[in-house]
Amino acid sequence: MMYLPEDKWSSRYDNHFYTIKMKTYTTLDNPPQTVDTFHQDTCQLLGVCGRAKFPAIYYAIDVFSGTDHRTCLRRYSQFRQLCNKIDPNGALGIRAKLPPKTGPFHKDTSDFLEDRLNGLNAFMREVLTRQDSVGNSLVEQFLELNVL
């Protein structure tokens, strides 16, 4: 599948094209009730299963392909894991687009969460518009493109 920016995409395009919209975040008291293969593989690969604390902030990624639509809920740590998997050495320069981590005593305010949402949106646009992201299985898994 090939990514098109939101302003270039139309539902008239077939399911070989997709776009994303990131406009909201939500606080969940428990993990989402969806099959998240990106998280499962990350657990097996990095051994970080079960460490998530709740309530937690999840960022909604709306994925559109043709007339299909799916919403993926992702935590900031999952964006960071995607970045580390795609660019483990930092050679591609996409880490600079990822918003910074916070400290243990940081309080999530609505302004902070909006800024982080905008930063994650910019990060995803940077990742998706790169030529080496076309057909990247990590990106496809992160966005659950195989479910569309």
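Residues numbered from 1 in each chain as written. Predicted model: local features only at pLDDT ≥ 70, side-chain atom pairs only at ≥ 80, totals over all residues. Heavy atoms only, no water.

*Asks:* Honestly, the sheet that holds strand S2 (residues 17-28) in this entry has me stumped. Any pointers?
*Replies:* The strands that make up a sheet are held in pairs by hydrogen bonds between backbone atoms, and each pair lies either parallel or antiparallel. The strand order across the open sheet formed by four strands is S1-S2-S3-S4, and the pairing between neighbours is mixed. Each edge of the open sheet carries a strand with a single partner, namely strand S1 (2-3) and strand S4 (68-74). Where strand S3 (residues 56-65) and S4 come together, seven bridges link them in antiparallel fashion. Residue pairing for S4: Val-63 is matched across the bridge by Arg-70. Strands in contact with helix H3 (residues 110-128) are S1, S2 and S3; relative to S2, the strand with the most contacts, it is inclined by about 155 degrees. (Pairing = 2+ DSSP bridges. Helix = DSSP H or I, 4+ residues; strand = E, 2+ residues; numbered from the N terminus. Contact = heavy atoms within 4.5 Å. Axes fitted to C-alpha atoms, helices over the stretch in contact; angles between N-to-C directions.)

*Asks:* It is not clear to me how H3 should be interpreted in this structure. Could you clarify?
*Replies:* In a regular helix each residue adds 1.5 Å, so 19 residues correspond to 27 Å; H3 covers 27 Å between its end C-alpha atoms and thus fits that length. For H3, the secondary structure elements touched by its buried residues are S1, S2, S3, helix H2 (76-86) and helix H4 (137-142). (Expected span 1.5 Å × (residues − 1).)

*Asks:* Help me understand the pairing of S2, please; the structure alone is not making it clear to me.
*Replies:* Across two bridges, S1 lies against S2 in parallel orientation. Of the residues in S2, the one forming a bridge with Tyr-3 is Tyr-18. Summarising the sheet, S2 and S3 pair through eight bridges and their orientation is antiparallel. Bridge pairing in S3 places Thr-24 opposite Ala-60.

*Asks:* Whenever I open this one, empty space enclosed by the protein confuses me. Can you help?
*Replies:* One way to see where empty space is left: roll a probe the size of a water molecule over the atoms. By the definition in use, this model includes one cavity of 30 Å³ or more. The volume enclosed by the largest cavity comes to roughly 50 Å³. Along its surface, the largest cavity is lined by Met-1, Met-2, Tyr-3, Tyr-18, Ser-133, Val-134, Gly-135, Asn-136, Val-139, Glu-140 and Leu-145. Mapped onto the lining of the largest cavity, the elements with two or more residues apiece are S1 and H4. (1 Å grid on protein atoms, 1.4 Å probe; cavity = no way out; pocket = protein on both sides within 12 Å on 5 of 7 lines; lining within 4 Å. Points joined across faces, edges and corners; volume = space filled by probe spheres on them.)

*Asks:* In this structure, what is going on with the packing of aromatic side chains? I would like to understand it.
*Replies:* On inspection of all chains with the given rule, the structure shows seven aromatic pairs. Plain terms: the ring middles of Trp-9 and Phe-64 are 5.9 Å apart, the flat faces sit at 45 degrees to each other, and that makes the pair tilted. You can see Trp-9 sitting in the loop between S1 and S2 and its partner Phe-64 sitting in strand S3, a full 55 residues away along the chain. Per residue, the accessibility class of Trp-9 equals that of Phe-64, and both read buried. Sitting above the plane of the Phe-54 ring, Arg-75 keeps its charged end 5.4 Å from the centroid. For the cation-ring pair, Arg-116 lies above Tyr-76, with the distance from its terminal atom to the ring centre recorded as 3.7 Å. (Phe/Tyr/Trp six-rings, centres within 6.5 Å; stacked < 30°, edge-to-face > 60°. Buried < 20%, exposed > 50% of the residue type's maximum accessible area, 1.4 Å probe, protein only. Lys NZ or Arg CZ within 6 Å of the ring centre and 35° of its normal.)

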